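One-letter residues, chain by chain:
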Amino acid sequence: MTTLLLVEDNELNRNMLSRRLERMTYTVLLAVNGEEGVDQAHKHQPDLILMDINMPVMDGWEALTLLKEHADTKEIPIIALTAHTATSDRDKADKIGFNAFAAKPIDFKALVETIEGLIYERHNP
Amino acid sequence: MSDLPTGLTFRLRTLPIRSKLALVTLLVMLALIALPSLSLYRDASIRDMNQTRFAILSLDRMLLDLQKNQNDFINLFETKYLDEFSSTFETFVESTENLKEQFWDLELPINTLEQLVVLTSDYQYLFEVIAEQKILIGQNSSNGIRHKINLDLQDIEKILSQMPKAGLMRQSLQTELINLQLPVQRIKARQQGPQMETFDQHFATLAQLAKDRIADTTLREAFLSAISRYRQNVRDLNTATKKVGLTYDDGINGEISVIVNAAHLILDRLNTEVNAAIDRREGRMNTLLSVMAAFFLFAFVLAVIMLSRSISNPIRDVTSIMTRLADGDLTFDIPDQPRRDEIGDMFRALRVFKMGAIIRQRTQIALRTAHDELENRVDERTRELSEEVHERRLTEKQLLHAREDAESANHAKSQFLANMSHELRTPLNAIIGYAEMLQEDAQDLGNEVFVDDLEKIHTAGRHLLGIISGILDLSKIEAGHIDIYVEKFAVQDVIDTVADTAQPLITKNNNTLIIDIHDNIGSMDSDITRLRQILLNFISNAAKFTENGSITLAAWREEKDTGDTVVFSVADEGIGMNEEQLQSVFNPFTQADVSTTRKYGGTGLGLTINREFARHLGGEIKVESIVDQGTTFTVFLPAKAPLQSYTGEA
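Below, the structure is looked at part by part. What you see is a predicted model; the values in this text were computed from it and never measured.

Criteria and cut-off values
Per chain, the residues get numbers from 1 upward, laid out in the order the sequence is written. Here every chain gets a letter starting at A, and every ligand a number starting at 1, in the order they are written. It should be noted that, the model being predicted, local features are given only for residues of pLDDT at least 70 and side-chain atom pairs only at 80 or more, the latter also being counted only at that level, while totals for whole chains, interfaces and linings use all residues. To obtain the side-chain values, all non-hydrogen atoms of the structure were used and water was disregarded. Here a strand is any run of E in DSSP of at least two residues, a helix any run of H or I of at least four, and the numbering for each starts at the N terminus. With a 1.4 Å probe rolled over the protein chains alone, any residue whose accessible area is under 20% of its type maximum counts as buried; one over 50% counts as exposed, and the rest are partly exposed. Note on definitions: a residue-residue contact is assigned when non-hydrogen atoms from the two residues lie within 4.5 Å. Only the protein chains shown count as cover for residues, and the accessible areas themselves come from Shrake-Rupley with a 1.4 Å probe. Nonpolar cores are built from buried Ala, Val, Leu, Ile, Met, Phe, Trp, Tyr and Cys residues. Side-chain atoms within 4.5 Å join them into one set. Patch membership is restricted to residues that have no salt bridge and whose relative accessible area is over 30%. Joining uses 9 Å for like charges and 5 Å for the nonpolar side chains Val, Leu, Ile, Met, Phe, Trp and Tyr. By definition here, a salt bridge exists when the distance from a side-chain nitrogen of Lys or Arg to a carboxyl oxygen of Asp or Glu is within 4 Å. Classification of ring pairs rests on two measures: the distance between centres of Phe, Tyr or Trp rings, Trp counted by its six-membered ring, which must be within 6.5 Å, and the angle between planes, read as stacked under 30 degrees, edge-to-face over 60 and tilted in between. Geometrically, a charge over a ring is one whose NZ (Lys) or CZ (Arg) sits within 6 Å of the ring centre while staying within 35 degrees of the ring normal. In this description, strands pair whenever DSSP reports at least two bridges between them. Handedness is read with the strands pointing away from the viewer; a crossover is right-handed when the path from the first strand over the helix to the second is clockwise. In the cavity and pocket records, a cavity denotes points on a 1 Å grid over the protein atoms alone where a 1.4 Å probe fits but cannot get out, a pocket denotes an open set with protein on both sides within 12 Å along at least 5 of 7 lines, and lining residues are residues with an atom within 4 Å of a point. Grid points are joined across faces, edges and corners, and a volume is the space filled by probe spheres set on the points. Just so you know the grouping, Ala, Val, Leu, Ile, Met, Phe, Trp, Tyr, Cys and Pro go in nonpolar, Asp, Glu, Lys and Arg go in charged, and all remaining residues, Gly too, go in polar. Angles shown run from 0 to 180 degrees and are taken between the N-to-C directions of axes, each axis being a line fitted to C-alpha atoms and, for helices, limited to the stretch in contact.

As for the overall build of chain A
Piece 1. Per the secondary structure count, chain A includes five helices and five strands.
Piece 2. Taking all 125 residues of chain A together, the buried fraction comes to 50%.
Piece 3. For chain A, contacts bridging at least 24 residues in sequence account for 63% of all contacts bridging at least 6.
Piece 4. Counting only carbon and sulfur atoms, one obtains 49% of the accessible surface of chain A, whose full area is about 6,000 Å².

Okay, structure coming up:
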């Protein structure tokens, strides 16, 4: 069973995306902000994290930085989810260490492909 | 000067100053010559007078010499004294004559000197008388009366010797004879006293004795005769001696003494007179000198005063005129001096100077006026400029504020739009997501009606998302917040991706996509996302307005010295545009007309965004169109995009 951690503040998107991912037979853990996302990641060690960028309490950038700093979470691949299509965001995501980047509205098929690719990469380095 | 003829006064006054100075110098020189000359003359004259005085003194001395000669002659009875007396007397007379001439020359009173002459001739006469008497008397027993007396005594002695030695008679006679000789000796020695009376007494005694005692008549008579002769000669001697004078105060001696004393007195008087004359002369000369000196001094002072008045007064006038001229006072008249000298020249020069000064002053006033005017203008202009500068600064500040306001407003707008689009997109994402999910569910369940409707919701959502994205992009472009991410990529790859992505749009209106890529297309450094967006926009537009036709996407490379240009063109066979429509094709929210929007949909933002993107990538877009035949959009992009060279339209 592949476990995914979805960190998303918007309830509708969280619900919609988690349901679609569960249909694809993934186990989906949920977090509503960066801080909670970091806690869940430490606690449950998911195979992959889907991280929204714009969030209250702790945003995606900060959470990402924390996760990549800790030994037990730094190996977990992270896909950034953002409504921002700006190039600067893409640059920033690449630089900080997001493993992939998915612009909203999410192309679900492409997202699943990316998830599978990253998980495959992680288990067969 | 007032009694001088006016012509002379005029001439003197108007003589050049140098001539006046020369005249004064002449006066001074005259004084310098005259006063010493007069002084010399005075000294010479006094010297002459002193000589006269010396001559008088020498006369006095000569008079003493004469007396000495006289005494020597009387006492020593040598003829040389007589000669000396004569020669001295001659000298004396000569000197007197000279003195007389000097007196004449010196204008001294001559009568005293005449008295002296008279006295000296008296003296001469008396001296001759004395000399006569002296010769008469004789100096010793060898001559004169004294010789006779001696002879008489010898005769008496001879007679006595003839008398008998025995007896008293001869002895008493001889005794009485000796007694008789005593007063004679005294007379010879010029002793004072009644020598003759004593002699006569002794003579009477002797004569009586002889009468009484000499018995021999012959002898007696001879003796008596001898002693009578003797008595006569003694009487003569006495008379002569007395005539000469026993002392210097009696007889001729006395007379001579009186004369000599008178002569001495006269000489003293003469001396006094000459001294007085010298004093007088000296005084007169001194007075004359003083008067002359005073005259010269007066003349000099007068000349200097006149000169100074004739020079300094006009110079003072000139100075005061010059001072007034220097003070810039040109309102007074300079008197016209009819003078031929330097002062006249100065006045004439001053008149010329004043004329010049007037001209200068006028020029200066004109200059100053011009200067003041200029200065005023400069001041005014400076004030204006400073006001302008102030206004401009104010405007600048206002503009700056306005710009800051505008920028902050724009920023706020961008922020607002970004936030809004995020806020809009989040629910839209949910809508699209749920629509997709339900579509999948419906397909799984085989409910075709739901699938179709859910597809419509999905499409509408996507469309709305496109509009929102367009607005966001445009707002970012307008705010200058467009990000260009330049990377190297193969042009072929971009075209492939675009063709894939656009395929559904192409097939929608039953169109075909023709791709025409030249072989040398290669790669380029640009923003792949923007390029993709540009091409998709063109193709989506072309597909929208074309039905049952073909859309051609062409790409080629134009090589240039300044750098290669990659050209993409999208040509359709759609409805086309007229000139008017072409003019506004790139304006935002503009389509051919309102009906077009209803018929074809679209946001009308695509071309505007495309042009902005192309410009940001250093390129340009051109459009060609023929109504009812089709439109071709061409984008020229540099193979190497400049980094943020374009900051968007103002």
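Some points on the overall build of chain B
Piece 1. From N to C terminus, chain B includes 16 helices and seven strands.
Piece 2. Counting over 650 residues, chain B shows a buried share of 39%.
Piece 3. Put simply, 72% of the contacts in chain B that link residues at least 6 apart link residues at least 24 apart.
Piece 4. For chain B, the exposed area adds up to about 36,900 Å²; of that, 56% sits on carbon and sulfur atoms.

Observations regarding the nonpolar core
Residues and elements named next belong to chain B.
Piece 1. Met524, Leu531, Phe538, Phe568, Phe633, Val635 and Leu637 are the most contacted members of the largest nonpolar core, which has 45 residues in total.
Piece 2. Among the secondary structure elements, those contributing two or more residues to this core are helix H11 (448-478), helix H12 (491-508), strand S2 (512-517), helix H13 (528-545), strand S4 (550-558), strand S5 (565-571), helix H16 (606-616) and strand S7 (630-638).
Piece 3. Per element, the largest residue contribution to this core is eight residues, and it comes from H13.
Piece 4. Leaving out residues up to four positions away in the same chain, Phe633 has contacts with Phe538, Phe568, Ser569, Val570, Met577, Val585, Phe586, Leu607, Ile621, Lys622 and Val623.
Piece 5. With 40 residues, the next largest nonpolar core counts Met49, Phe127, Ile256 and Ile259 among its residues.

A word on unusual backbone geometry
Piece 1. Phi at Gln45 of chain A is positive, roughly 45°, even though this residue is not glycine.
Piece 2. Structurally, Gln45 of chain A is set in the loop between helix H2 (34-44) and strand S3 (48-52).
Piece 3. Residue Gln45 of chain A is classed as partly exposed on the basis of its relative accessible area of 35%.
Piece 4. Although it is not a glycine, Asn548 of chain B sits at a positive phi angle of roughly 55°.
Piece 5. Along the chain, the position of Asn548 of chain B falls in the loop between H13 and S4.

Looking at a nonpolar patch on the surface
Piece 1. Residues Leu297, Phe300, Val301, Val304 and Ile305 of chain B make up a contiguous nonpolar surface patch of roughly 390 Å² in combined accessible area.
Piece 2. Look at Ile305 of chain B and you get partly exposed, because its relative accessible area is 40%.

Quick look at the packing of aromatic side chains
Piece 1. Scanning the model with the defined rule gives nine aromatic pairs over all chains in all.
Piece 2. Ring geometry for Phe89 of chain B and Phe92 of chain B: centres 6.5 Å apart, planes at 25°, overall stacked. Here Phe89 of chain B and its partner Phe92 of chain B are both found in helix H3 (residues 79-106), three residues apart, which amounts to about one turn of the helix.
Piece 3. For Phe89 of chain B, a relative accessible area of 6% gives the class buried.
Piece 4. Look at Phe92 of chain B and you get buried, because its relative accessible area is 0%.
Piece 5. One aromatic cluster is present, built from ring pairs that chain together Phe73, Phe85, Phe89, Phe92, Tyr123 and Phe127 of chain B.
Piece 6. The ring centre of Phe108 of chain A lies 4.2 Å from the NZ or CZ of Arg20 of chain A, which sits over that ring.
Piece 7. In this structure, Arg360 of chain B packs its charged tip against the face of Phe353 of chain B, placed 5.5 Å from the ring centre.

Some thoughts on the pairing of S5 of chain B
Residues and elements named next belong to chain B.
Piece 1. Across the seven residues of S5, six count as buried, placing the element largely inside the fold.
Piece 2. Alignment of S4 against S5, held across seven bridges, turns out to be antiparallel. Bridge pairing in S5 places Trp556 opposite Val567.
Piece 3. Connecting the antiparallel pair S4 and S5 is a turn made up of six residues, with Gly563 showing a positive phi of about 130°.

Observations concerning the pairing of strand S4 (residues 78-82) of chain A
Within a regular beta strand, the side chains point alternately toward one face of the sheet and then the other, so they alternate between its two faces.
Residue and element names in this part refer to chain A.
Piece 1. Most of S4 sits out of view: five of its five residues are buried.
Piece 2. Side-chain alternation along S4 places Ile78, Ala80 and Thr82 on one buried face and Ile79 and Leu81 on a second face that is also buried.
Piece 3. Note that S3 and S4 share four bridges and pair parallel. The partner of Leu50 across the bridge, within S4, is Ile79.
Piece 4. What joins S3 to S4 is helix H3 (residues 60-69), and the crossover it makes is right-handed.
Piece 5. Here four bridges tie S4 to strand S5 (residues 100-103), and the two strands are oriented parallel to one another. Looking across to S5, one finds that Thr82 is bridged to Ala103.

Brief notes about the environment of Leu29 of chain A
Residue and element names in this part refer to chain A.
Piece 1. Examined against the element boundaries, Leu29 turns out to sit in strand S2 (residues 27-31).
Piece 2. Remark: the alpha-carbon pair of Leu29 and Ala41, spanning twelve residues in sequence, is separated by 9.2 Å.
Piece 3. Leu29 has contacts with Thr3, Leu4, Leu5, Leu6 and His44, leaving out every residue within four places of it along the chain.

Here we look at empty space enclosed by the protein
Piece 1. Considering all chains together, one arrives at one cavity of 30 Å³ or more under this definition.
Piece 2. Its boundaries defined by the atoms lining it, the largest cavity holds a volume of some 110 Å³.
Piece 3. Along the walls of the largest cavity sit 13 residues, with Asn13, Met16, Leu17 and Ile106 of chain A together with Asn429 of chain B positioned nearest its centre.
Piece 4. Of all the elements in the fold, those that place two or more residues in the lining of the largest cavity are helix H1 (11-23) of chain A together with helix H10 (342-445) of chain B.
Piece 5. By residue class, the composition of the lining of the largest cavity is six nonpolar, three polar and four charged.

Side note on the sheet that holds S2 of chain A
All names here are of chain A.
Piece 1. Taken in spatial order, the five strands line up as S2-S1-S3-S4-S5 in an open sheet, and their pairing is parallel. Looking at strand neighbours, the two that pair on one side only are S2 and S5, the edges of this open sheet. When the angles between neighbouring strand axes are averaged without regard to direction, this sheet yields 20°.
Piece 2. Of the strands in this sheet, strand S1 (3-7), S2 and S3 are in contact with H2, which crosses S2 at around 140°.

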